[in-house]
Structure formats: structure tokens, C-alpha cells
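The primary structure of each chain is shown beneath.
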Amino acid sequence: MSRTPFIAGNWKMHKTVDEAEQFIAGLLPRVSTADGVDVALCVPYTALAAMVDSTRGSRVEVYAQNMHFAEQGAYTGEVSAAMLAELDVHGVVLGHSERRELFAETDKALALKVPAALEAGLKVILCVGETEEERERGDMQRKLRHQIQEGLEKVPTERLGDVVIAYEPIWAIGTGLVATPEQAQEAVSFCRDLVADRSKEQAERTRILYGGSMKPDNAGELIALPDVDGGLIGGASLDPQPFSAIVAAAA
Ligand code: 13P
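Rules used throughout
Residues numbered from 1 in each chain as written. Predicted model: local features only at pLDDT ≥ 70, side-chain atom pairs only at ≥ 80, totals over all residues. Heavy atoms only, no water. Near = heavy atom within 4 Å. Polar contact = N/O pair within 3.5 Å; in protein donor to acceptor, adjacent residues only side chain to side chain. Areas by Shrake-Rupley, 256 points an atom, 1.4 Å probe, with all protein chains shown as cover. Salt bridge = Lys/Arg side-chain N within 4 Å of Asp/Glu carboxyl O. Buried < 20%, exposed > 50% of the residue type's maximum accessible area, 1.4 Å probe, protein only. Pairing = 2+ DSSP bridges. Helix = DSSP H or I, 4+ residues; strand = E, 2+ residues; numbered from the N terminus. Axes fitted to C-alpha atoms, helices over the stretch in contact; angles between N-to-C directions.

### Comments concerning the site of the ligand
Taken together, 13 residues form the shell around the ligand, and within it Lys12, His96, Gly174, Ser213 and Gly235 come nearest. One nitrogen or oxygen atom from the side chain of lysine 12 is found 2.8 Å from an oxygen atom belonging to the ligand. Interatomic distance of 2.6 Å between a backbone N/O atom of glycine 174 and an oxygen atom of the ligand. For the ligand, the protein covers 96% of the area, taking 310 Å² as the surface of the free molecule.

Here it is in C-alpha cells:
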């Protein structure tokens with residue numbers, strides 16, 4: 001079964017609305033002819049409405065970087081799935097390692113967030129990945145098993161393939177250290193096996209991205225791996241030139 005490659009940029013806490021508008025003006029002409037690849041940008045809450053507006057009718061989809069699982073309530077500073085859907089936001093990236101490490105995001109919360117997002121009509125990218133220490137002591141598979149089994153636990157079987165998984169080894173994020181093709185393929189195919197434990201058919205549909213220091217010069221090789229269906233890009237998504245070069249490598 002063929003899966004459409006997917007390139008998503010994660011801006012993290014970068015870009016004011018003004019800077020985001022400048023970026024999009026530079027990006028759209030560069031990606032308008034790239035065929036056979038889905039493109040998304042995960043942007044700060046404050047830029048969501050402007051980016052939805054500026055990308056309307058283009059191939060670029062707009063994602064948020066977090067949300068709360070509750071429909072509403074006394075959760076100061078949080079945003080619900082319905083609030084994102086109301087803005088015509090296409091999706092949300094959940095469980096990024098920075099949210100897990102710096103903001104105490106748990107697998108238990110993600111088990112509620114993933115189905116809440118899907119029910120609100122949002123697409124989901126669920127991030128997983130091990131630290132350098134976990135890899136060295138042979139705990140990579142255990143970590144990925146927990147993160148994927150719990151993150152997908154309350155997702156109905158027939159919707160499993162709708163959830164994009166991003167395998168981002170924490171030691172490769174923002175470090176310039178990129179996983180070797182062998183490391184990336186091994187981890188990503190393990191992620192697919194975990195989805196297959198629930199449904200083989202859905203695992204064939206599931207798109208799994210690699211993230212961690214993906215750049216134009218290494219993207220082609222990583223995306224060509226049998227189980228890698230694209231990339232989640234941090235630093236190289238902040239400028240239209242390298243980001244569009246990665247989109248072109250996937251097209
Ligand atoms: P870098 O591409 O900057 O390593 O970041 C990866 C990432 O965390 C994307 O979510």
C-alpha cells in the first residue's frame with residue numbers, strides 16, 4: 001500500500017504573526033508545484049488564525065502544537081480541540097518531547113488528547129522517541145512501546161491509521177546529530193509493528209515520520225527508507241528555502 005509522504009515543520013516558539021506572514025509569502029511559490037507530498041506547519045497559537053487565512057487554497061495545512069483534552073473548563077492558559085477546529089486549523093502535534101520534558105506532558109494525558117483531537121475533526125501527529133541514555137541502556141523499544149500503546153489506547157481501531165506518528169530520538173533534536181538510516185529504519189519499523197499489534201491493516205495506512213536534525217542534505221536518504229513516510233522538521237522549517245528543499249526531496 002502506498003502512503004503519501006508528509007513533511008511537517010514545527011516552528012516551536014518561533015515567529016510573530018508578522019514573521020509568519022513573511023515566511024508564508026516566501027514558501028507558497030516554492031512548494032506550489034511539489035506533487036505527491038502533504039505539507040503542514042505547526043505554528044504558535046498566536047499565528048494560527050493568520051496562517052489558516054494565508055494558506056487557504058494552497059497545499060499547506062496548519063497545525064497547532066498542543067491542546068487540552070477537556071472540552072472546556074477551569075484550565076487557565078489551555079486551549080481545547082473545539083477552539084482549534086473553529087479556526088479551521090487542520091491538526092495538532094501532540095506529545096512533543098519538549099512538552100513531555102519541560103511541561104510534564106504524560107502518556108496518560110496523551111491517551112485522552114489523541115482521541116479528543118480526532119473527535120473534533122483534527123488530524124494528529126503523535127511524537128515519540130527515546131533519550132540517549134535510554135538508547136544506551138537498551139530501553140528504546142520499551143519507551144516506544146509505552147508511548148505508542150498509551151497514546152493510541154483510546155483510539156478506535158478503524159481510526160488508528162489516521163494518526164501520524166513522529167519518531168524523534170531526543171538526542172537528535174536540535175543537536176545536528178541525525179539518526180543513521182539503519183537506526184531510523186529500525187525504530188520506525190518497530191513503531192509500525194506496535195500499531196500492527198492492534199491492526200495490520202491500519203499499520204499499513206499509518207504514516208510514520210522521522211524527526212531530529214533533518215536537513216535538505218539528509219532528508220532524501222531518510223525519506224527513502226521503506227518505513228519512513230516523511231519528516232517532522234524543527235530548525236530547518238524556520239526558513240522557506242531549506243524547508244521547501246525538504247518538501248522537494250519528498251515529492
Ligand atoms: P530539529 O529539526 O531542529 O532537530 O527539531 C526536530 C523537532 O523537534 C521537530 O519537532
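### Observations concerning the pattern of salt bridges
A complete count under the given rule lists 19 salt bridges for this structure. Among the ionic pairs, aspartate 107 bridges to arginine 100, the shortest N-O distance being 2.7 Å. Taking relative accessible area as the criterion, arginine 100 reaches 15% and is therefore assigned buried. The structure contains a network of salt bridges with shared partners spanning Arg3, Arg192, Glu204, Asp227 and Asp229.

### Notes on the sheet that holds strand β6 (residues 163–167)
Judged by pairing direction, the barrel is parallel, and its eight strands sit side by side in the order β1-β2-β3-β4-β5-β6-β7-β8 before closing back on the first. Averaged over neighbouring strand pairs, the angle between their axes works out to 25° when direction is ignored. Two elements, β6 and strand β7 (residues 208–211), share three bridges in a ladder whose sense is parallel. In the strand pairing of β7, isoleucine 165 is matched with isoleucine 208.

### Here we look at the environment of tyrosine 63
With respect to the helices and strands, tyrosine 63 occurs in strand β3 (residues 60–64). Residue classification places tyrosine 63 among the buried residues on the basis of a relative accessible area of 2%. Separated by 77 residues in the primary sequence, tyrosine 63 and methionine 140 have C-alpha atoms spaced 28 Å apart.

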